[in-house]
Amino acid sequence: MLALIASPVLGQTYDGRVSHVLAADRVRVTIVTTCLEPGCPELGDSLRISLSEIDAPEGDQPHGEESTDALLARVHEKVVTVMQEGANEQGRPVGHLYLEGEWLNGWLVSEGLAWVNPPSAKTMALHDLQDDARAQHRGLWRQPAPVEPWEWRDGARESVGPAETTDQPQEPHARLSPAALDGAHNLVRSMLRAVTNG
């Protein structure tokens with residue numbers, strides 16, 4: 001069962017237009033449709049949303065810019081659904097993002113654009129998606145020894161030196177089937193819905 005952060009804003013769902021992609025795991029949205037629960041954002045509010053359970057490469061890290069650019073190309077100026085499950089230490093919303101029903105947290109991991117974040121990851125499907133991306137050498141997994149972003153922030157950037165990209169053309173590889181990805185994001189949605197309605 002997906003364990004969610006205990007918070008007064010648990011389970012809020014609202015829509016926002018993406019105005020900025022700050023990183024592959026952080027976006028800024030302008031609220032266009034809100035929810036009815038107390039504490040829901042107001043129409044027109046600008047919120048910085050952190051994508052839950054994942055961690056993207058830093059901007060100065062190998063594959064950092066590529067990951068950010070990939071999400072930018074996917075969501076910029078588009079309306080996404082935010083299923084907020086709580087807030088981070090800075091009080092900013094944390095949740096799952098959907099674009100036309102597609103689970104973006106899972107998409108980022110499955111494309112090798114972000115890591116599963118061990119301290120916060122409760123959705124086992126994300127680990128399966130990461131294992132598949134690693135096995136198929138997608139995205140950041142094309143590097144021979146990718147460094148996790150939390151290690152990079154903790155000082156690994158100094159020992160690694162300047163960012164070097166090792167992305168080379170790869171042989172065609174199998175993608176995770178749409179049915180498998182749909183099943184993963186449907187599981188997350190149903191669990192969030194159960195907690196919200198419970």
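Conventions adopted
- Residues numbered from 1 in each chain as written.
- Predicted model: local features only at pLDDT ≥ 70, side-chain atom pairs only at ≥ 80, totals over all residues.
- Heavy atoms only, no water.
- Phe/Tyr/Trp six-rings, centres within 6.5 Å; stacked < 30°, edge-to-face > 60°.
- Helix = DSSP H or I, 4+ residues; strand = E, 2+ residues; numbered from the N terminus.
- Buried < 20%, exposed > 50% of the residue type's maximum accessible area, 1.4 Å probe, protein only.
- Lys NZ or Arg CZ within 6 Å of the ring centre and 35° of its normal.
- Disulfide = S-S within 2.5 Å.
- Expected span 1.5 Å × (residues − 1).
- Arc of directions from axis to C-beta.

J.: Would you mind going over the packing of aromatic side chains with me for this structure?
T.: By convention here, two paired aromatic rings are described through the distance between centres and the angle between planes. Evaluated as defined, the whole model comprises one aromatic pair. Geometrically, the ring pair formed by Trp115 and Trp141 is edge-to-face, given 5.8 Å between the ring centres and 65 degrees between the ring planes. With Trp115 in strand S8 (residues 115-116) and Trp141 in the loop between helix H3 (124-135) and helix H4 (149-160), this pair connects stretches of sequence that are 26 residues apart. Across the pair, Trp141 and Trp115 agree in class, each one buried. Seen from the ring of Trp107, Arg74 lies directly overhead, with NZ or CZ sitting 4.4 Å from the centre. In this structure, Arg134 packs its charged tip against the face of Trp141, placed 4.4 Å from the ring centre.

J.: Would you take a moment to explain the state of the cysteines for this structure?
T.: Two cysteines, two sulfur atoms, one covalent bond between them: this is a disulfide. Evaluation of the coordinates by the stated rule reveals one disulfide. Here Cys35 pairs with Cys40 through a disulfide, and the sulfurs are 2.0 Å apart. Between Cys35 and Cys40, the S-S torsion sits near -115 degrees, and that sign places the bridge as left-handed.

J.: Help me understand H3, please; the structure alone is not making it clear to me.
T.: Structural remark: α-helix, 3.6 residues per turn; residues separated by three or four positions point the same way. For H3, built from 12 residues, the straight-helix expectation of 16 Å at 1.5 Å per residue is met to within 8% by its first-to-last C-alpha distance of 17 Å. Turning to H3, its buried residues number three or more, namely Ala125, Leu126, Leu129, Gln130, Asp132 and Ala133. For H3, the arc enclosing every buried residue in end-on projection is 160 degrees, short of the 170-degree limit, so these residues lie on one face. Residues of H3 that are exposed and point over 90 degrees away from its buried face: Met124, Asp128 and Ala135. Two residues or fewer past H3, His137 is found with a positive phi of approximately 55 degrees.

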